[in-house]
Each structure stands twice: as C-alpha cells, then as structure tokens.
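Residues per chain are reported as follows:
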Amino acid sequence: MIKQLSWKVGGQQGEGIESTGEIFSTALNRLGYFLYGYRHFSSRIKGGHTNNKIRVSITDTRSIADDLDILVAFDQETIEVNYKELNNTGVIIADTKFDPKNPDDSTAALYSIPFTEIAAELGTSLMKNMVAVGASSAVLGLDIKVFEEVVREIFGRKGEQIVQKNMEALSHGFEFMKAKLGSKVGTHQLERADGQKRLFMIGNDAIALGALAGGCRFMAAYPITPASEIMEYLIKKLPALGGTVIQTEDEIAACTMAIGANYAGVRAMTASAGPGLSLKMESIGLSGITETPLVIVDTQRGGPSTGLPTKQEQSDLMAMIYGTHGEIPKIVMAPSTAEEAFYDTAEAFNLAEEYQCPVIILSDLQLSLGKQTVEPLRYEEIEIRRGKLVTGNIPKAENKEYFKRYELTSDGISPRVLPGTKNGIFHVTGVEHDETGKPSEAAANRKAQMDKRMRKTRDIRFNRPIHKNIRHEEADILLVGFNSTRGVIEEAMGRLEQDGIKVNHAHVRLIHPFPAEDMQPLVDAAKKVVVLENNATGQLANILKMNVGNVQKISSLLKYDGNPFLPNNVHSQCKELFEYDNI
Amino acid sequence: MITFKDFRNDVKPNWCPGCGDFSVQAAIQRAAANSGLEPEKLAVISGIGCSGRISGYINSYGFHGIHGRCLPIAQGVKMANRHLTVIASGGDGDGFAIGMGHTIHAIRRNIDITYIVMDNQIYGLTKGQTSPRSEAGFKTKSTPQGSIEPALSPMEMALTAGASFVAQSFSTDLKDLTAIIEAGIKHKGFSLINVFSPCVTYNKVNTYDWFKANLTKLSSIEGYDPSDREAAMSTLMRHNSLVTGIIYQDSERKSYQELIPGYAETPLAHSDLNLGQERFDALAAEFM
C-alpha cells in the first residue's frame, strides 16, 4: 500500500486526453484523495503532444511530483517524451493500436492494451479513454464502481445506453489489464482515503467563484490563455444573478468598460494575462487618478510579448506594481492556492471599494490552470464592505456647487457617490483635479491631491499578508515565494528538515504595498533567505531588498524555462547552498 | 420644470472663441432638458482633446476619461445602471483614429447610448495635425506637403458596421442639432451623431462658410426615407457624405440590453451583493 502516486495520460492534442484525466481525477476526488493536476499543452488546437499529470495522495499536496508511477500512452511520442520520468516500479499502459515500444533504457514495465479495439467493438473508438481509465484502475486496485456516478453525470443526458456502453468500456479495460497483471494486480494500491467531501478545481474557477461571492455582477474581458476560464465561468453563472459578461473588442475596452461600470456602482472586473495587462496599463492609471474601484486579474504566463503562452512563469511582478505612467495607489495580491484565490478575489472587491483604487490579483499559469483539491469553502466568512460609499440623502448644495468627491481627508479616502444620486453631481477626470473633480493645474492643489491619493493605502488593513510556516526561532534558510510555488516549497522544506536543515517558509500574499514590517523579523531570524521564483531577474527578491534590511542574506533560486519547479530541484539546490556556507 | 439652464454649471469652457463646440454643448443641454431628464440622471462620458472637456461643462454626472476610450467607459456606465441616460462625446481623432476599434464595435453592439462626435477634421489640442477626417491634400503641421491619405467617411462606415441610428449635423444649426440629439437619446440602441464643429484656429479650409456652401439638408431631398439603408448609403456617396439630418434609423432593432439573457431590470449598481448560502452551496457542489 502506498500513500501517493503520480499518473499521467498523454497523446495528441484534441484526442480527448483532457476528458480521460477529468474522469479519473473526479472519481478519486470523491473517494477523498488529495489531487494536484498540471497540464502540459501547446498553443495549438489539434495535434502536438499534450499530457495531464495528476498526483494522488492521502495527504494534502500542492506540487507536481518529481517522478511518475503510471503513464497512459495514446501514441509512441508520449512514451518517448515521458518514459524517463517513470520510476523503477513505473508502469506504461499503451494502446496496442500504435504497436508501442519500450525504449531500451526504460526501467518501466510496458503493458499493451487494445484501448481503441475494445472501444470500437463496443460501438465507437471514442470510448478508448474509458478503456484506459479502466486499465488504470486495475493497476491502482480500485473498484470500478467508483466511476459509475461520474460517467452517469457526464453521459447521462445522452441516455442510459451511452452510460452503460461507457461503463462496459471501463470494465473491459479493467478486466483486460487485470488479466495481464496476473498476480501483480494492485501493485500501486493506494491507502484508503478519508472519504471527506472536498472541491476539485482550477485556480481560475476559484477566482471566478470568489468574484461571485464577492458581489461581482459584471465582467468585461477579452479571451487569452491562461485567463479565459474566468470569463467562461462567469458568463455561465452571472445571468442567474441579473449580471453579464461582455466580450470586448480588445483589452483596453475590457479595462475601461470595467472602470465605467465600477464608477456607476456595480462591482465589475476584468481578467487577462501579461499581453493584456500591458495594454491595460493606461487605464489602470485612470482608475488610480480618478479613484475608481477596479479589480483586475493577471494570470501570468511566459513573457515578454507572446512569449510562452501556455507555460508557467512569474515575470509580471514588477510590471504589476510599477506599470502605469505616473504614480498611483495600487494593491497587488498574490494568492498561492485555489483556496486563497477564492477568498482573496472576494476580498479584492472590498479593498477596491474601500481604498478606491485598482486591485490586481496576480495569479500564474500553474495556479490558474492546475487543478487542485480545495477544502470546503466557507461562504459565511465572506464580507461585503463598501467603504465610504454614500448611501443616504445628500443635502442640496448652494449655487449648483459640485459634491466634493475628492475631499481632502486625513486617511486620503473621500466619500464616493454613484451617478444617479440626487444632489451628488461631481466630475471625474484623468486630468489633475480639485476636490469636486474639476480640472486644476494649481501647484498646491496638485500636491494636496497627490498626497491624498498616495496616503490611502499607507496603512492598509489586510488579513495575513504573508502565509507563514515558521518552525524555528533561528532558521538556516527562510524560503520565500509567491503564487503557485507554495506546494513545491512545502515539499522541499520537509526533505530539507529530514536532512537536518532548519527551514522557515514565508509566502507573500500581499505583494504591494509590501508587508515589510511582517517580513523583517522572518528575515532577521534566518541565516539565509532564498527567494524562489519563475523568472530570470529575481523580481520578488528585488522587491524584498527594497523593503527589508539585511539584504546580503538574500539569494535567488530561479527557473524560467517554462516548467514549474519540482521538489527535487528546490531540495538539492537549497541543500547545496546550505552545505557550501557550512564547509 | 427643468430647463437647459439646469444643465449649466459654473465652469468657463477653455475653447477658443468661435469654436463649434460651444453650440454642441448648448444643444446637449437643450436636448437633455427637452427629454425631461433630471441632471443627476444624465452621465456625459468624454474623450481627450478640446472636445473631450465637454463633460466638465455640463451640470450632470461626467467622466472625462482617456484618449479614444470614452465609448467603452460609457458602455460600462450604461451596463451598470440602465436607468441613466448616457451620452458619450469626443472629437474625430478620439473616435475615428485612436478609438476607431471601439467605435465600430459600439455600433455593432448597439448598447443604448448616444455618441456625439465633434468633427473638426483636425487635431486641435495638439496644435494642428492631420486627422482621419482631413481630406487628401490637406496641409497641416504633420502633413506639410498635404495629406496623402483619403478622409474617412464615418457615416458610410457606420452603415456598413450595422448601425441602428446614424445622423449628422452642423454646430450652427442649433435647432436641428438639438432635435437630432433628442432623437438619439430617445432611440433604443446606439446612436451615432457626427457634428461638423469647425476649428477656427487650425482649420482654415473647413470653415463655417465652407460648410454652409457644401452641406445639403436631407430634409431638402424629396422623399428621403431614413429607414432605407440602401438609399442612405447612395445618398451619402452622391453627396460625399456632406449631408445633415437623420441619415438612417432602424427603430425595430432591439438594443443590446434587451437581448442579454437574464439581464436584471433593476440597475446592476443596485443589485444584491450577497449570493446567499444556499446558492453558494449549489455552486460549490459543482466542483465536488
């Protein structure tokens, strides 16, 4: 019996690799296993190798595994590309149709199973995926009954006969594999999971659900990888709440439309990836100077320009903090799990209204598209706070005097009135303006308005700006990261501890304004600070250096080849660093 | 009783004396009053350029945005609060150069807003460069030998983009212009109104006198039927687009808002932000 394993299915893009992984993982999720999935895909629709690697564990896991236990191959390319990842007890289950060959230096066992033939005999070769799922279940020693519910949900609307055919395909695959394995059935038998109900979702689902819970009722967006799932989810769900999504003509329209909608009082958002964010920059400045709430999601991918559209990277950090000409108050958050993405997105709408400024939710491809187990989400913890929104009657002013929408206040935040409100008329402009919003270039006014805006987020209230795992008062290494690297750090940390190295972990959840006071003691309490990030220039390390003392301790662990970190990378490099310093 | 004076504020426009934009401002104020609007129920969203300042000169809610983007901002405002009357406004550079992508798609989308372009065939605020509306041969600071690009016809373009309301006017015809803006406000869908608004400082070709000599009123063309799209197009072509009046109107077409599935009658700005536990549980269950 084992506690965790990794399963991967691969083939040509457009061949149904996704659905194979979907059925397999949904059933395991219902049994209570913790899952973490990561897709390898290319920027094309049909053809090209694609795979979906899913880790299954009886304990919480948020990282891709170093190695692989089971590889389901729909073509020889899948074997060639992935066999080296298989461990010594690895198993390849391949479709007989392509006459699979096990490479000479492969240590894995190859089983050729007639996926396509079995499926075709049952009526359609489309069901080859079900045969593969059945065969996988035999290796795992699973009862195929667990799949029935899932199959029924997927194919139920096509009729009972289709459901039965798919179950038969599953069963045939199972029996065929069982016969081949003989006494080896259940070589990869997992320990029983706890059977608890948990959610299984990608980060983008969590962001979209968080937006609904946070009161978002309008979205304007332009499709882009890896952000589109957010708009696709909301367009399905918003009509039932009276709201809608507009797919705009471009990214600039998406951002400015969201600004217009927020100005008029609905909680509205937009979402994109790096290329879209680059286009939105001028608009983000408009939100800043006009103090219009705005929630924007940036799902980072490989840059610059079109870069690596379907690969992991975390290189938008500096652009999100500093990117817009001029200076504005801004909040940049970076959830590290789907669970945090849910709560942080809901909270982003509160912060946008409370501080009347743009709020950027930074994600990355691995978090946005990686599918992970999420503990039940606690809706009761979601608050709706609208800051200084004026809801009562406004007394009539003398001589059509405008409402002081940009009143100079001690905290910099002014009362906000929505268009349509009687006696609340004021002007909004991206030009520097006075307290009523009328353009003014006077030096004293400029300074007063600039100071007012910049002091708004100075004392920002943010719950747990750093996710901390502090095990030692004095640590050898403090590992620092943001977004999806949390899981890999946690796993590497465990291994380093086993080596006798004392490790603390700080994952930055509020990137800007940077929680320096919270971070400084953690830096002080470590001999070395290693900042782990998927970019080439160490952007988070630089932000850290700008905000804390003792910067000579800070070093970077960088990966920018498009692939996420693996626990082994992090473990060995941190160990080397530790040993080098302790010779 | 609301009059145009209720739409006046205390800000003195920074336009040059004689600028056509003064009349456009007056026409919007009159049309708003004639439409029975309260000032707080009107939102004027403007772009960047001399004309973009107009949102600050009308006593109503106003939003002076960024260059070329008044249309997406205005559409966002209308989507958030369908009870507001939304007027978007800007110059020919704003709408037909930097913002052209938005103009075409706002026309297609047909959200119920009125877009007034103050067309002076030149870039005024940057002190005299060519515009997409400048005629070929037009000499400016950026085209010292004369423009080698032809002028765009926004009216023809709007017709081909599927516009439901296309009109053109001349800023000195205050009465006609007011009536057209009123019709635009009343129209259920996107209304595009191009107004020839001469720049007295930088455009010495397309002057008041030039327009008076060259414009044809559609009302003077016998039997002109603004519901006939084909006739509208051929009339524009025949007159080199130099016509004024309502060129085309499709009163049958539904606005974008009327077509959105589930779109609330209550403005979204006033919607309940709480999902409720039951609804949330149902959404979460889809991920189990």
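These numbers were taken from a predicted model, which means no experiment stands behind them.

Moving on, we come to the overall build of chain B. Secondary structure assignment for chain B yields ten helices and eight strands. Relative to its length of 288 residues, chain B is compact, with a C-alpha radius of gyration of 20 Å against a globular reference of 19 Å. Its C-alpha atoms give chain B principal-axis dimensions of about 70 × 45 × 40 Å. Going through the 288 residues of chain B one by one, you find that 50% of them count as buried. Sequence-distant contacts in chain B: of pairs separated by 6 or more residues, those separated by 24 or more amount to 69%.

If you tally the helices and strands in chain A, you get 18 helices and 21 strands. Scaling as 2.2 N^0.38, a compact globule of 583 residues should have a C-alpha radius of gyration of about 25 Å, and chain A matches this with 26 Å. Considered along the principal axes of its C-alpha atoms, chain A spans approximately 90 × 65 × 40 Å. For chain A, the proportion of its 583 residues judged to be buried stands at 55%. At a minimum sequence separation of 6, the contacts of chain A that also span at least 24 residues come to 75%.

What follows is about the interface of chain B and chain A. Listed by partner, the interface residues are 50 residues for chain B and 57 residues for chain A. Going through the elements one at a time, β1 (42-46), β2 (61-64), α2 (70-80), α4 (100-109) and α10 (277-285) of chain B are the ones with two or more residues in the side of chain B that touches chain A. Residue contributions to the side of chain B that touches chain A peak at eight residues, all from α2(B). A breakdown of the residues in the side of chain B that touches chain A according to their chemical character gives 27 nonpolar, 19 polar and four charged. The pairing of strand β15 (residues 427-429) of chain A with β2(B) spans three bridges and is classified as parallel. Note on β2(B): the bridge partner recorded for A:Val428 is B:Phe63.

Moving on to the nonpolar core. The nonpolar side chains of soluble globular proteins are, as a tendency, buried together. In terms of nonpolar packing, the biggest core is built from 241 residues, with A:Ile93, A:Val359 and B:Val77 touching the most fellow members. The element contributing the most residues to this core is helix α12 (residues 338-355) of chain A, with ten residues. Setting aside residues up to four positions removed in sequence, B:Val77 forms contacts with A:Gly260, A:Ala261, A:Tyr263, A:Ala264, A:Pro419, B:Ala43, B:Ile45, B:Leu84 and B:Val86. Core analysis: the second largest hydrophobic core is formed by six residues, B:Trp15, B:Cys19, B:Ile122 and B:Tyr123 among them.

What follows is about the domain arrangement of chain A. Residue and element names in this part refer to chain A. With domains assigned, chain A is organised as domain 1 (4-184), domain 2 (200-375), domain 3 (388-463) and domain 4 (466-581). With 25 residues of domain 2 in contact, the opposing surface of domain 4 contributes 21 residues. Looking at the side of domain 2 that touches domain 4, the elements with two or more residues in it are α11 (317-322), β12 (331-333), β13 (358-364) and α13 (365-369). For the side of domain 2 that touches domain 4, the residue count by class is eleven nonpolar, nine polar and five charged.

The next point concerns the packing of helix α9 (residues 251-263) of chain A against α2(B). Describing two packed helices takes the angle between their axes plus the distance from one axis to the other. The geometry of α9(A) relative to α2(B) is characterised by a closest axis approach of 6 Å and an angle of 40 degrees between their N-to-C directions. Our classification of the angle between α9(A) and α2(B) gives oblique. Here the hand of the crossing between α9(A) and α2(B) comes out right-handed. Contacts between α9(A) and α2(B) pair A:Ala253, A:Thr256, A:Met257, A:Ala258, A:Ile259, A:Gly260, A:Ala261 and A:Tyr263 from the former with B:Pro72, B:Ile73, B:Ala74, B:Gln75, B:Gly76, B:Val77, B:Met79 and B:Ala80 from the latter. Its residues placed into classes, the contact of α9(A) with α2(B) shows twelve nonpolar, four polar and no charged.

This part takes up the packing of α2(B) against α4(B). All names here are of chain B. Closest axis-to-axis distance for the α2/α4 pair is 8 Å, and the angle between their directions is 35 degrees. Note on element contacts: α4 touches α2 through His102, Thr103 and Ala106, opposite Leu71, Pro72 and Gln75. Looking at the contact of α2 with α4 residue by residue, the classes come out as three nonpolar, three polar and no charged.

Across the junction of A:Thr225 and A:Pro226, the peptide omega takes the value 0 degrees, indicating a cis bond. Within the secondary structure, A:Pro226 sits in the loop between β8 (218-221) and α8 (228-237). The phi dihedral of B:Asn110 falls on the positive side, at around 70 degrees, and the residue is not glycine. Mapped onto the secondary structure, B:Asn110 falls in the loop between α4 and β4 (114-119). One non-glycine residue with positive phi stands out, namely B:Asn240, at about 50 degrees. With respect to the helices and strands, the residue B:Asn240 is situated in the loop between α8 (229-238) and β8 (243-249). We classify B:Asn240 as exposed; it has 12 C-beta atoms within 10 Å.

What follows concerns the sheet that holds strand β11 (residues 294-300) of chain A. Residue and element names in this part refer to chain A. Strand order in this open sheet of seven strands is β9-β8-β10-β11-β13-β12-β19, and the pairing throughout is mixed. Each of the sheet's edge strands pairs with one partner strand only, and the pair in question is β9 (244-247) and β19 (510-512). In this sheet, neighbouring strand axes are inclined to one another by 25 degrees on average, regardless of whether the strands run parallel or antiparallel. Pairing between β8 and strand β10 (residues 268-272): two bridges, direction parallel. Bridging from a neighbouring strand, Met219 pairs with Met269 of β10. Of the strands in this sheet, β11, β12 and β13 are in contact with α12, which crosses β13 at around 160 degrees.

A few words now on the environment of A:Ser363. Residue and element names in this part refer to chain A. Note on placement: Ser363 falls in strand β13. The sequence separation of Ser363 and Ala273 amounts to 90 residues, and the corresponding C-alpha distance is 9.0 Å. The residues touching Ser363, leaving out its near neighbours within four places in the chain, are Gly203, Ile207, Val297, Asp298, Thr299, Gln300, Pro335, Ala341, Ser368 and Asn483.

A few words on the sheet that holds β2(B). Pairing in this open sheet of nine strands is mixed, and the strands run β15(A)-β2(B)-β1(B)-β3(B)-β4(B)-β6(B)-β5(B)-β8(B)-β7(B) from one edge to the other. Each end of this open sheet is capped by a strand with a single partner; those strands are β15 of chain A together with β7 (216-217) of chain B. Bridge analysis of β7(B) against β8(B) gives two bridges, and the strand direction is parallel. Each residue of the ladder has a partner; that of B:Thr216, found in β8(B), is B:Val243. Contacts from α2(B) reach β1, β2, β3 (85-91) and β4 of chain B within the one sheet, and its direction differs from that of β3(B) by about 175 degrees.

The next thing to look at is the confidence of the model for chain B. Averaged over every residue, the pLDDT of chain B is 97; residues scoring 70 or more account for 100%. Predicted as a complex, the structure gets a pTM of 0.97 and an ipTM equal to 0.98.

Residue and element names in this part refer to chain A. For strand β3 (residues 49-57), the tally of buried residues reaches eight of nine residues, placing the bulk of the element in the interior. In this sheet, β3 lies alongside strand β1 (residues 4-12) in antiparallel orientation, the contact comprising nine bridges. Bridge pairing links Leu5 to Val56 in β3. Here strand β2 (residues 34-40) runs beside β3; their pairing, made up of seven bridges, is antiparallel. Paired with Phe34 across the two strands is Ser57, which belongs to β3.

Reading guide: rules and limits
- Residues numbered from 1 in each chain as written.
- Chains lettered and ligands numbered in written order.
- Predicted model: local features only at pLDDT ≥ 70, side-chain atom pairs only at ≥ 80, totals over all residues.
- Helix = DSSP H or I, 4+ residues; strand = E, 2+ residues; numbered from the N terminus.
- Rg over C-alpha atoms; globule rule 2.2 N^0.38 Å.
- Buried ≥ 20, exposed ≤ 12 C-beta atoms within 10 Å, placed from the backbone.
- Contact = placed C-beta atoms within 7 Å.
- Nonpolar A, V, L, I, M, F, W, Y, C, P; charged D, E, K, R; others polar.
- Pairing = 2+ DSSP bridges.
- Core = buried A, V, L, I, M, F, W, Y, C linked by C-beta atoms within 7 Å.
- Domains from an automatic or database assignment.
- Axes fitted to C-alpha atoms, helices over the stretch in contact; angles between N-to-C directions.
- Parallel < 35°, antiparallel > 145°, perpendicular 65-115°, else oblique.
- Left-handed = near helix turned anticlockwise from the far one by under 90°.
- pLDDT = per-residue confidence, 0-100.

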